[in-house]
Every structure is written in C-alpha cells, then in structure tokens.
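Here is what each chain is made of, one letter per residue.
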Amino acid sequence: MVVSVPRIAYFGPSGTFTEMALAELESSGAFEGAVERIAAPSQGAALELVRSGDVAGAVVPIESSVEGSISATLDSLAIGPRLQIVAETELEVTFTILGHPGTILDDVRTLAAYPVAAAQVREWVSRELPRARPYVSASNAAAAEDVAAGKADAAVSTALAGARLGLAVLASGVADHDQAITRFVLVTRPCAAPPATGADRTSIVLELSNEPGALMRAFAEFATRGIDLTRIESRPTRTGMGTYRFYLDCVGHIDDAAVAEALKALHRTARIRFLGSWPATSATGTPPPSDDAAAEWLTRLRKGVAGL
C-alpha cells in the first residue's frame, strides 16, 4: 500500500528556527506520521504554496516576545484566499554566532543577520562586535549561507545551520533578553477548527468602516461578553494613507458560545476574516464564560416551564 506523506512548507532554508518549530510540531503529534519538509524563501512564499495546493500546510513565525508580531506573516494571512491556523508551538530563541573555522570574534568586520534576529542581539553585538558592519540576510539560516559564500565574516544564526555548512561556533546562547520566545503557527487551507480544549486561541482580522466609534463598537462585542482580548494590532492596508486592518487574538474557541456570538455580531457590521481557533501552547488569559446555564434557562423558557 502506498502511503501519502504530506508536504509541509516552512520559512527556510534548512537550519532556521522555523524548521525547528516544524520538527517540534512533528514530535508533538500535529501530523499523523512523517512529513516531507519543503523550504520556502519567505513567510509569504510558504503560505502561497499552501494556497496553490503544492503543500498541505506551512509553518511560519507569527510573534516574538521581544520584537512583537511578525508583520510579513500577518500581511500574508490578511490578503489573498483565506488560510487557517490549526496549531501552534513556541520556541525559546537564542542565537549562535557562526564563522569559518579559525575565525575569532576580533576578526569579524561584517555580520550577517536576518533583521528580526539582529534586533534581538543588538546589545550583545554592540558590546562584543563593536566594529562589525551589518549585512542583511533573508533568514537566520541564510545568514549562515552568506558566511559560507564569503559575503560576511560571521552570522547570527542557529547551531543547526552551522553544522549543516561546516561553520565554527564563535559564540552560543546569544540573546539580549532572557526567555525570548517566538511563536510559530501551522497554517492550512480552510477546514473545521480543531476541537475546543478549554485553553484555546482565536484570531481574526477586521476591516472597519471609517466612521466615529467603529473600533470601540468592535471591541465592545468582546467586552460585553467577557471575552479576553490578548492581542490588538493594526497594520496598514497599503491602499491609501490612514487605512488599517486590525488583528485581534482572544482567549476561547469558535465553538464557545460567547466567541461565536461576538463573531456573528462583528460580521453584521465589519469585514471579518477568521484566521482560526486552535489549542494555545501557553495560557494567555481568562477563558470566556460558559453559556450552559443561560442556554438551559432559555430552553426551559421556550417550553413554557413555570416559575422561571
């Protein structure tokens, strides 16, 4: 019997933290078996492979505890045919400084780094490599490849990328902040949300009419139902000055009555894109209140039960 192995894209090349996140999802049982890993040059490219049907899913970074949301991922999720987040994982991120064998830190005059990584080691670089000029790379693993190609003396990268390319470790465990965490998500084409667990995250994108009170009314749909918003962010639509999309995360699942009611209410007045409901890796806030008692009361009221 031929068993189909799902193809899963990730923000590559091989050796990135995103590939490590994909490996973590594999080991945690996110897939039924082995997967074929497909490296993509950017978050957007990985997601386009999902839209085109070339892969079954994609793993991309979405949020850093140090630098905030990953704008390239958010923008790619907000435009084009809808995709859906079905799982997440979190990695503690520290970096490895790589160079050619025989290189020492004092030799480094050019330092390759992906911009998000460079921001997370800015203080360390200022202190330890004050004479190094920055060289912008397309990813953490690409920074190591740039060193291997002779484009830079050293790279802010990963030990995995260094081992793959035969580079030497000049410094390890590099980070300006303790417990720097990056959250990665598994994205597929639209499907039924994973079952609610009681510790879930729901994410949407809102485009509101440009009129007074529109944003306040949108927030009120959550507040009046006791729904905990854990992320509120705006990004330009790039269609004109002063036009924005709003990205909202809340505690809860689309199958929770309170969350479902809020989404229905928003749909009546705004353009809403559902990005998914899925189990959260770590607790983020207060779950929405249960609707069971109120639903039971309403059922009995409709049946004409006396004494209510």
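Since the structure is predicted, the reported quantities are computational estimates derived from the model, not experimental observations.

Conventions used here
- Residues numbered from 1 in each chain as written.
- Predicted model: local features only at pLDDT ≥ 70, side-chain atom pairs only at ≥ 80, totals over all residues.
- Heavy atoms only, no water.
- Helix = DSSP H or I, 4+ residues; strand = E, 2+ residues; numbered from the N terminus.
- Contact = heavy atoms within 4.5 Å.
- Areas by Shrake-Rupley, 256 points an atom, 1.4 Å probe, with all protein chains shown as cover.
- Lys, Arg positive; Asp, Glu negative; His and termini not counted.
- Charge placed at Lys NZ, Arg CZ, Asp CG, Glu CD.
- Buried < 20%, exposed > 50% of the residue type's maximum accessible area, 1.4 Å probe, protein only.
- Pairing = 2+ DSSP bridges.
- Axes fitted to C-alpha atoms, helices over the stretch in contact; angles between N-to-C directions.
- Domains from an automatic or database assignment.
- Buried area = accessible area lost by both parts, 1.4 Å probe.
- Salt bridge = Lys/Arg side-chain N within 4 Å of Asp/Glu carboxyl O.
- Polar contact = N/O pair within 3.5 Å; in protein donor to acceptor, adjacent residues only side chain to side chain.
- Core = buried A, V, L, I, M, F, W, Y, C linked by side-chain atoms within 4.5 Å.

**Q** So, the overall build of the protein: which residues are in play, and what are the values?
**A** In terms of regular secondary structure, the protein is built from 10 helices and 15 strands. Principal-axis analysis of the C-alpha atoms gives the protein an extent of 85 × 60 × 35 Å. Contacts in the protein between residues far apart in sequence, at least 24 positions, make up 76% of those at least 6 positions apart. With an accessible surface of roughly 15,100 Å², the protein has 53% of that area assigned to carbon and sulfur atoms. Computed over 27 positive and 35 negative side-chain charges, the inter-centroid distance for the protein is 7 Å.

**Q** Which residues make up helix α1 (residues 17–27), and what values do they have?
**A** Every buried residue of α1 is listed here: Phe17, Thr18, Glu19, Ala21, Leu22 and Leu25. Looking at the residues trailing α1, positive phi occurs at glycine 29, about 90°.

**Q** Help me get a handle on the sheet that holds strand β13 (residues 229–236), residues and values and all.
**A** In a beta sheet, neighbouring strands pair by backbone hydrogen bonds and run either parallel or antiparallel. A sheet is described by the order of its strands in space; here 4 strands give the open sequence β13-β14-β12-β15, paired in antiparallel fashion. Each edge of the open sheet carries a strand with a single partner, namely β13 and β15 (271–279). Between one strand axis and the next, the sheet turns through 15° on average, direction left out of account. Note: β13 against strand β14 (residues 244–251), 7 bridges, orientation antiparallel.

**Q** Describe the domain arrangement of the protein, naming the residues involved and giving the relevant values.
**A** Many descriptions give the size of an interface as the accessible area lost when the pieces come together. Taken domain by domain, the protein comprises domain 1 (1–93 + 180–191), domain 2 (96–172) and domain 3 (192–295). Taken together, the contact pairs 15 residues of domain 1 with 14 residues of domain 2. With both sides pooled, the region where domain 1 packs onto domain 2 buries about 1,100 Å², and carbon together with sulfur makes up 65% of that total. Of all residues in domain 1, Pro13, Gly15 and Glu67 give up the largest surface area on contact with domain 2, accounting jointly for 34% of the area buried on that side. Inspection of the domain 1/domain 2 interface yields 0 salt bridges. Joining domain 1 to domain 2, the criterion identifies 4 residue pairs in polar contact (both at pLDDT 80 or more). Of all the elements, α1 adds the most residues to the side of domain 1 that touches domain 2, at 3 residues.

**Q** I'd like to hear about the nonpolar core, residue by residue, with values.
**A** Ranked by internal contacts, the top residues of the largest apolar core, which has 33 residues, are Val59, Phe95, Ile97, Val156 and Leu186. Two domains each put at least three residues into this core: domain 1 (1–93 + 180–191) and domain 2 (96–172). In terms of nonpolar packing, the next biggest core, distinct from the first, is built from 21 residues, Ile38, Leu77, Val205 and Trp278 among them.

**Q** Let's hear about the environment of serine 157: which residues, and what values?
**A** Tracing the sequence through the fold places serine 157 in strand β9 (residues 154–157). In this structure, the C-alpha to C-alpha distance between serine 157 and leucine 22, residues 135 residues apart in sequence, is 17 Å. Look past the residues within four positions of serine 157 in its chain and what remains in contact with it is Phe95, Thr96, Leu98, Asn140, Ala141 and Ala144. From its side chain, serine 157 meets the backbone oxygen of asparagine 140 in a polar contact 2.7 Å long.

**Q** I'd like a rundown of the pattern of salt bridges, residues and numbers included.
**A** Following the criterion strictly, the structure yields 19 salt bridges and no others. One salt bridge in this structure joins arginine 127 and glutamate 128, with 3.4 Å as the shortest N-O distance. Residue arginine 127 is classed as exposed on the basis of its relative accessible area, which comes to 54%. Judged by its relative accessible area of 34%, glutamate 128 falls in the partly exposed class. Salt-bridge contacts for glutamate 207 lead to arginine 271; the nearest nitrogen and oxygen are separated by 3.6 Å. Pair noted here: glutamate 207 is in strand β12 (residues 200–207) and arginine 271 is in strand β15, with a separation of 64 residues, a long-range link. What makes arginine 271 exposed here is its relative accessible area of 59%.

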